[in-house]
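Remarks on the overall topology
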Amino acid sequence: MILYVKADSMGHKFAEENKKGYILNGEASTVSTEYEIKEEESWDISENGDGSVMAEWTLKDKTLTISGTGKMKSWNDDALKEDWHNTQYAPLIQSVVINEGITNIGKYAFQRCMSLTNIEIPEGVTEIEEFAFYVCTSLKSVNIPQGVTSIERYAFDLCSNLVTIEIPESVTYIGENTFLKCSNLETINVDENNKNYMSENGILFNKERTILLKYPANKKDIDEYRIPESVTSIGERAFEECSILTSINIPKNITTIESYTFSEVYKVIHLKNVVV
């Protein structure tokens, strides 16, 4: 187990005294552990285990580079100790470069890569699978390239520092709770030619603007929001953890308000009015 500690804290002292591995200010400790952090490492992460997709890790620049042709594998509960998911590497990755030829980002691919600040995704990628960036708490911006058609559920779950996301024309499916607890999210932009989704002032709707899917939790330019008259349904967790809003006006033609639509709103902000 790797501990995350602050300098001179009780946790820091405990780790040193008990020879536990720890991460201090983003750097790995020199405390002896049951595994070795290598300067360079590589893994076969192809879907079929045939070496067609490889990942290479470099400690010097803390970059993970993925190259090859085809699909990377999807990780699961049994595989979350494989490759960089074993705890000596995942917390250290700061940058991910995915080269042309890769067609997906696998399930749980970068789970808990909490130092990850930058990722380069090529246009050949067509799918971002569920939990792909789960708890990537340092990720601030994601530009999803043209060609991606599917963003699965919880793909950016708990990316607490994500500020902006760009959704291209090609995306036809965004799964439930894709942006769950993205508490600093300010803007969701959708290409105007997208046939399934649209954004208005950074707010995510379906193309017909009848479903309000996600109001960015940290949207700063509005404190009183009037939902458009065209909207008949408000999506699950649509206003979760909104940090600026003080008033929401809900039109009378709303027929569906999904579960947890206003989850934690009253706890984290000074929301005064929900007017129907």
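My aim in this report is to walk through the structure given alongside it, one point at a time. Only a predicted model underlies this, so the values are computations on that prediction, with no experimental measurement involved.

**Observations regarding the overall build of the chain**
Across its full length, the chain carries two helices and 23 strands. Looking at the chain as a whole, 49% of its 276 residues are labelled buried. Expressed as a percentage of contacts within the chain between residues at least 6 apart in sequence, the contacts between residues at least 24 apart total 38%. Accessible surface computed for the chain: about 13400 Å², of which carbon and sulfur atoms make up 45%.

**A word on the sheet that holds strand β16 (residues 197–200)**
Ordered in space as β16-β17-β18-β20-β22, the five strands form an open sheet in which the pairing is mixed. Looking at which strands have only one partner, the edges of the open sheet turn out to be β16 and β22 (256–257). As paired strands, strand β20 (residues 233–234) and β22 are joined by two bridges and run parallel to one another. Looking at the pairing, I234 lines up with I257 of β22.

**So, the packing of aromatic side chains**
For the structure on display, the rule yields 14 aromatic pairs. Arranged with centres 5.3 Å apart and planes meeting at 80°, the rings of W43 and Y89 form a pair that is edge-to-face. Note that W43 is positioned in strand β4 (residues 40–44) and Y89 in the loop between β6 (63–68) and β7 (95–98), a separation of 46 residues in sequence. Each member of the pair W43 and Y89 is classed as buried. Taken together through their ring pairs, the aromatic side chains of W43, W57, W75, W84, Y89, F110, F133, F156 and F179 make up a single cluster. If you follow R237 out to its NZ or CZ, it ends over the ring of Y260, 4.5 Å from the centre.

**As for the side chain of S233**
Looking at the element boundaries, S233 is found in strand β20. Take S233: its relative accessible area is 12%, and that puts it in the buried class. If we ignore the near neighbours within four places in the chain, the residues touching S233 are T210, I211, L212, I254 and T256.

**A few points about the environment of V190**
Inspection of the secondary structure puts V190 in strand β15 (residues 187–190). What makes V190 buried here is its relative accessible area of 13%. Counting along the chain gives 15 residues from V190 to F205, while the straight-line C-alpha distance between them is 9.4 Å. Setting aside anything within four residues of it in sequence, one finds V190 in contact with I167, Y197, M198, S199 and L204.

**Brief notes about the pairing of β6**
The sheet contact formed by strand β5 (residues 53–58) and β6 spans six bridges and is antiparallel. Within the sheet, the bridge partner assigned to E56 lies in β6 and is T65. Linkage of β5 to β6, two consecutive antiparallel strands, is achieved through a turn of four residues, within which K62 is found at a positive phi near 50°. Note that β6 and β7 share four bridges and pair parallel. Along β7, the bridge assignment pairs L64 with V96.

**Regarding the layout of surface pockets**
Quantified by volume, the largest pocket comes out at close to 270 Å³. If you go around the largest pocket, you meet 15 residues; those closest to its centre are G175, E176, N177, L213 and E236. In the lining of the largest pocket, the residues fall into six nonpolar, four polar and five charged.

**Here's the deal with the sheet that holds β7**
Two strands in a sheet stick together by hydrogen bonds in their backbones, pointing the same way (parallel) or opposite ways (antiparallel). Here five strands make up an open sheet; going across it, the order is β4-β5-β6-β7-β9 and the pairing mixed. Two strands in the sheet have a free side with no partner beyond their single neighbour: β4 and β9 (118–120). Between one strand axis and the next, the sheet turns by 15° as a mean value, whatever way the strands run. Pairing of β4 with β5 involves five bridges; the strand directions are antiparallel. Bridging across to β5, S42 finds its partner in E56.

**A look at the environment of F110**
With respect to the helices and strands, F110 occurs in the loop between β8 (104–105) and β9. The sequence separation of F110 and I93 amounts to 17 residues, and the corresponding C-alpha distance is 9.2 Å.

**Considerations on the pattern of salt bridges**
In this structure the tally under the stated criterion is twelve salt bridges. In this structure, the salt-bridge partner of E130 is R153, at a minimum N-O distance of 3.4 Å. Taken as a pair, E130 in the loop between β10 (127–128) and β11 (141–143) and R153 in the loop between β12 (150–151) and β13 (164–167) lie far apart in primary sequence, 23 residues in all. On the accessibility criterion, R153 (30% relative accessible area) is partly exposed.

Conventions used here
- Residues numbered from 1 in each chain as written.
- Predicted model: local features only at pLDDT ≥ 70, side-chain atom pairs only at ≥ 80, totals over all residues.
- Heavy atoms only, no water.
- Helix = DSSP H or I, 4+ residues; strand = E, 2+ residues; numbered from the N terminus.
- Buried < 20%, exposed > 50% of the residue type's maximum accessible area, 1.4 Å probe, protein only.
- Contact = heavy atoms within 4.5 Å.
- Areas by Shrake-Rupley, 256 points an atom, 1.4 Å probe, with all protein chains shown as cover.
- Pairing = 2+ DSSP bridges.
- Phe/Tyr/Trp six-rings, centres within 6.5 Å; stacked < 30°, edge-to-face > 60°.
- Lys NZ or Arg CZ within 6 Å of the ring centre and 35° of its normal.
- 1 Å grid on protein atoms, 1.4 Å probe; cavity = no way out; pocket = protein on both sides within 12 Å on 5 of 7 lines; lining within 4 Å.
- Points joined across faces, edges and corners; volume = space filled by probe spheres on them.
- Nonpolar A, V, L, I, M, F, W, Y, C, P; charged D, E, K, R; others polar.
- Axes fitted to C-alpha atoms, helices over the stretch in contact; angles between N-to-C directions.
- Salt bridge = Lys/Arg side-chain N within 4 Å of Asp/Glu carboxyl O.

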